[in-house]
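Breakdown of the fold
So the chains spell out like this:
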Amino acid sequence: MTSMPISLTVEKLLDYAENKGLIKGYDRIVARNEIRDLLNITEVPKKNNNKTQVENIEILLKEILDYAVDNNLINDTVTERDLFDVRVMGKLMPRQSEVNNAFWKTVNQKNIKKATDQYYNLSIASNYIRKTRIAKNLNWISQTNYGEIEITINLSKPEKDPVEIEKANKLPKISYPKCYLCLENIGFTGNLNHPARQNHRIIKLKLNDEIWFFQYSPYLYYNEHSIVFNKEHRPMQINKDTFKALFDFIDIFPHYFIGSNADLPLVGGSILNHDHFQGGRHHFPMEAARKEEYYEHSDFKKVNISRIHWPMSVIRLQSKSRKNIINLAVLILKKWRKYTDLSADIKAYSMTDCKLLNHNTITPIVRKKDEYYQTDLVLRNNRKNDEYPTGIFHPHKNLHHIKKENIGLIEVMGRAILPGRLKKELKLIEDVLSNKKSVEKILLVKKMNKHKKWILKLVKKYGTNLDPDQAKKVIKLEVGQKFLQVLKDASVFKNNSDGNDKFNQFMAEMNINRKEV
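All values reported here derive from a predicted model rather than from experimental measurement.

Conventions and cut-offs
- Residues numbered from 1 in each chain as written.
- Predicted model: local features only at pLDDT ≥ 70, side-chain atom pairs only at ≥ 80, totals over all residues.
- Heavy atoms only, no water.
- Helix = DSSP H or I, 4+ residues; strand = E, 2+ residues; numbered from the N terminus.
- Expected span 1.5 Å × (residues − 1).
- Buried < 20%, exposed > 50% of the residue type's maximum accessible area, 1.4 Å probe, protein only.
- Arc of directions from axis to C-beta.
- Contact = heavy atoms within 4.5 Å.
- 1 Å grid on protein atoms, 1.4 Å probe; cavity = no way out; pocket = protein on both sides within 12 Å on 5 of 7 lines; lining within 4 Å.
- Points joined across faces, edges and corners; volume = space filled by probe spheres on them.
- Nonpolar A, V, L, I, M, F, W, Y, C, P; charged D, E, K, R; others polar.
- Axes fitted to C-alpha atoms, helices over the stretch in contact; angles between N-to-C directions.
- Parallel < 35°, antiparallel > 145°, perpendicular 65-115°, else oblique.
- Disulfide = S-S within 2.5 Å.
- Pairing = 2+ DSSP bridges.
- Patch = residues over 30% accessible without salt bridge, like charges linked within 9 Å, V, L, I, M, F, W, Y side chains within 5 Å.
- Areas by Shrake-Rupley, 256 points an atom, 1.4 Å probe, with all protein chains shown as cover.
- Salt bridge = Lys/Arg side-chain N within 4 Å of Asp/Glu carboxyl O.
- Phe/Tyr/Trp six-rings, centres within 6.5 Å; stacked < 30°, edge-to-face > 60°.
- Polar contact = N/O pair within 3.5 Å; in protein donor to acceptor, adjacent residues only side chain to side chain.

A short note on helix α5 (residues 96-109)
For α5, built from 14 residues, the straight-helix expectation of 20 Å at 1.5 Å per residue is met to within 8% by its first-to-last C-alpha distance of 20 Å. If you check which residues of α5 are buried, you get Val99, Asn100, Phe103, Thr106 and Val107. Seen end-on, α5 carries its buried residues on one side only, within an arc spanning 130°. In α5, those exposed residues whose orientation departs by more than 90 degrees from the buried face are Asn108 and Gln109. Structurally, α5 contributes buried residues whose contacts are with α6 (112-125) and β3 (203-207).

Things to note about empty space enclosed by the protein
Inspection of the entire model under this criterion finds 4 cavities of 30 Å³ or more. Put simply, the largest cavity is a space of about 60 Å³. If you trace the largest cavity, you find it lined by Arg307, Ile308, Trp310, Pro311, Met312, Ser313, Val314, Ser491, Phe493, Asn495, Asn500 and Phe503. Every element with two or more residues in the lining of the largest cavity is listed here: β9 (304-308) and α16 (497-508). Residues belonging to the lining of the largest cavity are distributed by class as follows: 7 nonpolar, 4 polar and 1 charged. Volume-wise, the second largest cavity comes out at about 40 Å³.

Things to note about the packing of helix α2 (residues 27-39) against helix α4 (residues 78-90)
Running from N to C, α2 and α4 point in directions that differ by 155°, and their axes come no closer than 9 Å. Here α2 is positioned roughly antiparallel relative to α4, judged by the angle of their axes. Mapping the contact onto sequence places Ile35, Leu38 and Leu39 in α2 and Phe84, Arg87 and Val88 in α4.

Re the state of the cysteines
Going through the model one piece at a time under the given rule, you end up with 0 disulfides. Left unpaired, cysteine 182 is separated from the closest cysteine sulfur, that of cysteine 179, by 3.7 Å. According to the relative accessible area criterion, cysteine 182 is buried, its value standing at 4%.

Remarks on the pairing of strand β1 (residues 138-144)
As paired strands, β1 and strand β2 (residues 147-153) are joined by 7 bridges and run antiparallel to one another. Bridge pairing in β2 links isoleucine 141 to glutamate 150. The hairpin formed by β1 and β2 contains 2 residues between the paired strands.

Observations regarding a nonpolar patch on the surface
Taken together, the side chains of Tyr349, Met351 and Leu356 present a nonpolar region at the surface, about 310 Å² in accessible area. With respect to the helices and strands, leucine 356 occurs in strand β12 (residues 355-358).

A few points about the packing of aromatic side chains
With the rule as written, the count across this model stands at 27 aromatic pairs. Here the aromatic rings of tyrosine 176 and phenylalanine 188 are separated by 6.0 Å at their centres, their planes lie at 65°, and the arrangement is edge-to-face. Taken together, the residues tyrosine 176 in the loop between α8 (162-170) and β3 and phenylalanine 188 in the loop between α8 and β3 connect sequence positions 12 residues apart. Of the residues examined, phenylalanine 188 reaches a relative accessible area of 12% and is grouped as buried.

A look at helix α15 (residues 468-489)
When the terminal C-alpha atoms of α15 are compared, their 32 Å separation across 22 residues agrees well with the 32 Å that a helix rising 1.5 Å per residue should span. Within α15, the full set of buried residues consists of Ala471, Val474, Ile475, Glu478, Val479, Gly480, Lys482, Phe483, Leu484, Val486, Leu487 and Asp489. Against the buried residues of α15 lie β1, β2, α11 (409-412), β15 (415-418), α12 (422-433) and α14 (452-462). Taking the backbone nitrogen of aspartate 469 as reference, a side-chain oxygen 3.0 Å away marks aspartate 467 as the first, capping residue of α15.

Below you can see the structure in the form of structure tokens.
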């Protein structure tokens, strides 16, 4: 049951909206009436005499959602509550054109950092970015011989219950919006199969003479996690136009990085049918990787070329000239698309059902470092074979108990996004190492069988008499080592003597030769 009169809760919500700049002046009257209509409120509005500001919007929304459940406006399920609270917040949102115009006005009158701060704060205030849920994610840093890597166990996406899943499956299939990224998501009502987006606003950009849009990710896997998507619902692509668009973005947003998932299944992201990038204000571990080998090309003397010390195969390009970097990046991309080295299991093409399949692509990342553009080109291949049916350069089967999903842009740069199931599973393994539970007992839990070999290995290495804090540290360390092996599996040229020779051979094919420094 709700703890205060619903009309008073609405007034507190309106106070919050005014304080956060979502509404102003007579907007309050309009918003009040629309929310009252949504909730079927007929009582006279209650004046809020307590002007103490509520900073956690979830507190007020919970009051409203409980009222909606109590009055049979919605069912008490996670998805229906989510759909309804977004409807409520949608009544407090400025128009799409107002948000876009305010952003560019701030850019012109102040600077781009002020504009992104303003837009980011709006995305949080509107509860489009659900900070309370994101705070549930488990995050830690793990030390490796490649430097730090970042680990996240994703707990911010609520699970649907079986009843919701059954209802969702019975809904007619619709193709509007065509995907979660499409322009038509702004203001979308949502349903059991598609999140509501009435509180979603975006920023219009022009990149490489095309219309793109900038937004923040609602799941926020790192600081100011951004998505930049093309106006058209078209497949992912990596080509010269991609590089031009990435560099245009970084010229507008020099305080951000920008990158693109690869454009092929298995080595790409979760959405391949809509061309998009990801960026943000975060320094990933790969950015700090030291240079391990230096190269030069006679036609690109103003570009510094190196291979970095990283578990995946990465070419780093640095120059003050974006034109030179783009042209060299395109040369490398075109060569890699066609490159085959069977001794390294790299094959550019294969035939399936009389159809030619491409296997080689690149994950590009662009940032500015002082006066220099810096581009990392991560070489990718999505082949499978009988030995590795889920992917030769994909986490191998012995790692699937920790990570079996695609290794996309975020993972490539050194941040693991691991499934929420691991929170409870890792805790059970900690209990074994600290003698709270026996190996035999936790292996009776069906979901723990996939960890059996790893558990036995950890027990042999550390014993079962660690104190709880030691056990937790051990698990964090060992998960970090597992993710490091995930990245090594995804590397096309392994970081050893033989792999480095093969890497250098590929570079030499483009007249990019080793240079003594």
